[in-house]
Amino acid sequence: MRAAGGALSSILLGAGFAILGGAFDAEPLFVGGIAFLALGGATLLWVTLAARGARVSRDLTAHRVIEDEPFDVRLAATSALPLPGGELVEPLLPGPVPLRPGRRETRIRVQARFARRGLRRLDPPRMTIHDPLGLAARTILGGGSGDAASSGGAASAADEVLVLPRIEPVDVTAEPDASGSGRALASLAGMAEVEMDGLRAYREGTAASRIHWPPLARGAGLMERRLRPDGDGRPLVVLDPRGGTEADLDAAVRAAASLCRALAASGGCGLLLPGERRA
């Protein structure tokens with residue numbers, strides 16, 4: 001993209017002074033005309049030559065990150081000739097970064113992070129080259145993931161970063177036939193206990209349908225049947241996005257991801273996502 005309105009105005013103004021100087025034989029007007037012509041032509045030529053072959057690129061160290069975890073982004077702006085000045089614009093930065101005049105290469109390292117999960121599209125970076133007076137300017141669209149696009153070519157597509165939900169520690173080491181939280185975990189996991197797997201001492205709170213009465217008749221005390229889970233007994237994690245706020249949904253996604261991560265190390269699980277009919 002080009003912006004040379006100030007330089008062209010300076011050239012036209014200088015040409016006007018020169019024409020008036022010749023028409024009225026006023027030598028002082030020639031001095032002003034030549035000055036404006038030189039100023040506009042020099043700035044336009046400097047910016048044009050500096051922008052020819054100039055490149056700006058962005059290199060992401062990762063395309064999949066965790067919420068609130070930092071990752072590095074490297075930016076590089078190069079030119080064949082020393083730059084008259086300019087600025088580098090990157091969506092991950094709060095504002096433009098000035099480019100020092102007289103340098104051919106500028107490298108910047110940014111440490112970025114995302115506070116929420118989801119797919120993020122990052123527009124390509126861009127570099128604007130302009131003279132110190134702002135009379136002429138050229139904008140170069142950059143590329144992503146290490147690619148670079150010059151002013152004469154097409155810019156690369158925007159980068160994509162997948163922000164994964166934060167994982168919290170979850171304890172799923174309890175056995176399905178253990179007391180307390182183990183039974184609750186088995187119940188929530190959908191483990192239908194139907195096959196008998198022996199006897200054990202009666203535990204308070206056990207349903208009457210599981211009590212084995214013959215030992216009590218023989219005076220051996222209460223015993224209960226120990227049942228084996230039906231099928232593979234893998235837990236089922238269901239993510240339901242209905243109701244609540246965005247913060248509630250974020251917390252539910254983190255909880256589902258944390259459960260799946262923890263259960264994966266102990267036999268796996270099923271995950272039922274919104275809109276899906278099968279886990």
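As the structure is a computational prediction, the values presented were derived from the model and not from experiment. (Residues numbered from 1 in each chain as written. Predicted model: local features only at pLDDT ≥ 70, side-chain atom pairs only at ≥ 80, totals over all residues. Heavy atoms only, no water.)

Side chains of nonpolar character tend, in soluble globular proteins, to be buried together. By size, the foremost hydrophobic cluster in this structure holds 26 residues, and its most contacted members are Met-127 and Ile-129. At the level of secondary structure, the elements contributing two or more residues to this core comprise helix H2 (27–51), strand S2 (55–60), strand S4 (71–78), strand S7 (105–112), strand S9 (126–130) and strand S12 (159–164). The leading source of residues in this core is S4, at four residues. When near neighbours in sequence (up to four residues on either side) are disregarded, Met-127 contacts Ala-54, Arg-55, Val-56, Ala-77, Thr-78, Leu-83, Glu-87, Leu-88, Leu-99, Arg-138, Thr-139 and Ile-140. Core analysis: the second largest hydrophobic core is formed by eight residues, Val-172, Val-237, Leu-239 and Leu-263 among them. (Core = buried A, V, L, I, M, F, W, Y, C linked by side-chain atoms within 4.5 Å. Buried < 20%, exposed > 50% of the residue type's maximum accessible area, 1.4 Å probe, protein only. Helix = DSSP H or I, 4+ residues; strand = E, 2+ residues; numbered from the N terminus. Contact = heavy atoms within 4.5 Å.)

Helix length check: helix H5 (residues 246–264), at 19 residues, gives a terminal C-alpha distance of 27 Å against a target of 27 Å (1.5 Å per residue), a fit within 8%. Summarising the contacts, the buried residues of H5 are in contact with strand S16 (236–238) and strand S17 (270–272). (Expected span 1.5 Å × (residues − 1).)

Right, let's get into a nonpolar patch on the surface. A cluster of nonpolar side chains, Tyr-202, Trp-213, Leu-216 and Leu-222, forms an exposed patch at the surface whose accessible area comes to about 360 Å². Counting through the fold element by element, Trp-213 comes out in the loop between strand S14 (211–212) and helix H4 (214–217). (Patch = residues over 30% accessible without salt bridge, like charges linked within 9 Å, V, L, I, M, F, W, Y side chains within 5 Å. Areas by Shrake-Rupley, 256 points an atom, 1.4 Å probe, with all protein chains shown as cover. Salt bridge = Lys/Arg side-chain N within 4 Å of Asp/Glu carboxyl O.)

What follows concerns the pairing of S4. Summarising burial for S4: six of the eight residues are buried, a large majority. Here S4 runs beside S7; their pairing, made up of eight bridges, is antiparallel. For Leu-75, the partnering residue across the bridge sits in S7 and is Ile-108. (Pairing = 2+ DSSP bridges.)

To continue, consider the packing of aromatic side chains. The tally for this structure, following the rule as stated, stands at one aromatic pair. Between Phe-71 and Phe-114 the ring centres are 5.8 Å apart and the planes differ by 20°, which places this aromatic pair in the stacked class. Placement of the pair is Phe-71 in strand S4 and Phe-114 in the loop between S7 and strand S8 (118–122), with a sequence separation of 43 residues. (Phe/Tyr/Trp six-rings, centres within 6.5 Å; stacked < 30°, edge-to-face > 60°.)

Attention now goes to the side chain of Asp-159. By secondary structure assignment, the location of Asp-159 is in strand S12. Taking relative accessible area as the criterion, Asp-159 reaches 4% and is therefore assigned buried. A polar contact of 3.0 Å, which involves the side chain of Asp-159, links it to the side chain of Arg-58. (Polar contact = N/O pair within 3.5 Å; in protein donor to acceptor, adjacent residues only side chain to side chain.)

For Asp-68, which is not glycine, the phi torsion reads 65° and is therefore positive. Structurally, Asp-68 is set in the loop between strand S3 (64–66) and S4.

Read across the open sheet, the three strands follow the order S3-S12-S8; overall the sheet is mixed. Edge positions in the sheet fall to S3 and S8, since each of these pairs with one other strand and no more. Taken pair by pair, the neighbouring strands of this sheet meet at an average axis angle of 30°, ignoring direction. Across three bridges, S3 lies against S12 in parallel orientation. What sits directly across from Ile-66, in S12, is Leu-164. (Axes fitted to C-alpha atoms, helices over the stretch in contact; angles between N-to-C directions.)

By the secondary structure assignment, Thr-139 is in strand S10 (residues 137–141). At 3.4 Å, the side chain of Thr-139 and the side chain of Thr-128 are in polar contact.

On average, residues of the protein chain score 79 in pLDDT, and 80% of them are at 70 or above. Below a pLDDT of 50 lies the segment residues 150–155, which in the model reaches 11 contacts outside its immediate sequence neighbourhood of four places, other chains included. Here residues 176–192 is modelled with pLDDT under 50, and outside its nearest four sequence neighbours on either side it reaches 27 contacts, counting other chains as well. (pLDDT = per-residue confidence, 0-100.)

Along the chain, Leu-8 falls in helix H1 (residues 5–24). Taking the relative accessible area as the measure of exposure, Leu-8 reaches 46% and is therefore partly exposed. For Leu-8 and Gly-40, which are 32 residues apart along the polypeptide, the C-alpha to C-alpha distance reads 6.4 Å.

The next subject is the pattern of salt bridges. The tally for this structure, following the rule as stated, stands at 14 salt bridges. Between Asp-250 and Arg-116 there is a salt bridge, with the nearest N and O atoms lying 2.9 Å from each other. Pair noted here: Asp-250 is in helix H5 and Arg-116 is in the loop between S7 and S8, with a separation of 134 residues, a long-range link. Within this structure, Glu-67, Asp-68, Arg-166, Glu-168 and Arg-254 form a network of salt bridges that share partners.

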